[in-house]
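For reference, the chains in residue letters:
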Amino acid sequence: VFNRPTHEREYTTILVSNLPKSVNQGKIRKLFSDCGRIRYIDIVDTLDGSSRFAKIEFYSHDESLAALTKTHKRMGYNEITVEHLEDCTLWLTNFPPDYDVKQLKQLINSIDVIVLSVRLPSKRFNSNRRFAYVDVTKRSDASKCVEELNGREIDGYNLVVKLSNPLEKTKRTDAASLERR
């Protein structure tokens, strides 16, 4: 039996590369509107600022497959590339309690890796939760983050950075329990 996570971001999310600098969410929605229902769009610049990336999450795997047909289409003068975003999500924890999305992005950008998005847990029912999911543009960049950031000491906290694996849920450690995380 194949166990897939209930929210299948790995199966429903695409990465669009080489977008013109002028692209915005409206233009992305227009280009991909015939593929299916779009859940989220995140747009970021390349490190050199010459073009942009878009991370697009659809509601179903079939919709994301339809979006792959847009590869090699032109937007302005740019020929875009469309691929599934796989093995590009990091799980981070044990960063300083005052860290927010901006500081997490700056940390990862400091090793020349582009951050597509950062998802923090809801603190509605537990305000002590401290972890984040970070999407980057390439598998090699995800590996670079693990190699260069895992174990790095920041303000007395040893950062934990791993490749996210939804099938590998573990119980919380004693340290996390003691800090009520």
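What you are looking at is a predicted structure, and each value in this text was computed from that prediction instead of being measured.

*Asks:* Give a description of the overall build of the protein chain that names residues and reports values.
*Replies:* From N to C terminus, the protein chain includes six helices and twelve strands. Here the protein chain holds 181 residues, and the buried ones make up 40% of them. Contacts in the protein chain between residues at least 24 apart in sequence constitute 66% of all its contacts with a sequence separation of at least 6. Approximately 10700 Å² of the protein chain is accessible, and the part contributed by carbon and sulfur atoms is 46%.

*Asks:* Can you break down the sheet that holds strand β12 (residues 160–163) residue by residue, with the values?
*Replies:* In spatial order, the strands read β8-β9-β7-β12; together these four strands make up an open sheet with antiparallel pairing. Lying at the two open borders of the sheet, with one neighbouring strand each, are β8 (115–119) and β12. Going across the sheet, the axis of each strand differs from the next one's by a mean of 25 degrees, ignoring polarity. This element, helix α4 (residues 101–109), spans β7 (89–93), β8 and β9 (131–136) of the sheet and lies at about 140 degrees to β8. Along the sheet, helix α5 (residues 139–149) makes contact with β7, β9 and β12, crossing β12 at roughly 155 degrees.

*Asks:* Mind laying out α4, listing which residues take part and the relevant values?
*Replies:* Taken as a whole, α4 has its buried residues at L104, L107 and I108. Projected down its long axis, α4 carries its buried residues within an arc of 90 degrees, all on one side. Its buried side turned inward, α4 meets β7, β8, β9, α5 and β10 (153–154). The N-cap residue of α4 is D100: its side-chain oxygen and the backbone nitrogen of K102 are 3.2 Å apart.

*Asks:* So what's going on with the pairing of β7? Which residues, and what values?
*Replies:* Where burial is concerned, most of β7 is hidden: four out of the five residues are buried. Bridging between β7 and β12 involves four bridges; their strand directions are antiparallel. Bridge pairing links L92 to V161 in β12.

*Asks:* Any details on the pattern of salt bridges? Residues and values, ideally.
*Replies:* Within this structure, the stated rule accounts for ten salt bridges. Note that D135 and K55 form a salt bridge whose closest N and O atoms lie 2.7 Å from each other. With D135 in strand β9 and K55 in strand β3 (residues 52–58), this residue pair connects regions lying 80 residues apart in the sequence. By relative accessible area, which is 5% here, K55 ends up buried. Note that D135 and R119 form a salt bridge whose closest N and O atoms lie 2.7 Å from each other.

*Asks:* Tell me about the nonpolar core, and name the residues and values.
*Replies:* Counting residues in hydrophobic clusters, the biggest one holds 27 residues, and the most contacted among them are L92 and I108. Only β7, α4, β8, β9 and α5 provide two or more residues apiece to this core. If we skip the residues at most four places from it in the chain, I108 touches L92, V113, V115, V134, V136, C145 and L149. Judged by nonpolar contacts, the second largest core, of 17 residues, contains I38, I41, I56 and M75.

Basis of the calculations
Residues numbered from 1 in each chain as written. Predicted model: local features only at pLDDT ≥ 70, side-chain atom pairs only at ≥ 80, totals over all residues. Heavy atoms only, no water. Helix = DSSP H or I, 4+ residues; strand = E, 2+ residues; numbered from the N terminus. Buried < 20%, exposed > 50% of the residue type's maximum accessible area, 1.4 Å probe, protein only. Contact = heavy atoms within 4.5 Å. Areas by Shrake-Rupley, 256 points an atom, 1.4 Å probe, with all protein chains shown as cover. Pairing = 2+ DSSP bridges. Axes fitted to C-alpha atoms, helices over the stretch in contact; angles between N-to-C directions. Arc of directions from axis to C-beta. Polar contact = N/O pair within 3.5 Å; in protein donor to acceptor, adjacent residues only side chain to side chain. Salt bridge = Lys/Arg side-chain N within 4 Å of Asp/Glu carboxyl O. Core = buried A, V, L, I, M, F, W, Y, C linked by side-chain atoms within 4.5 Å.

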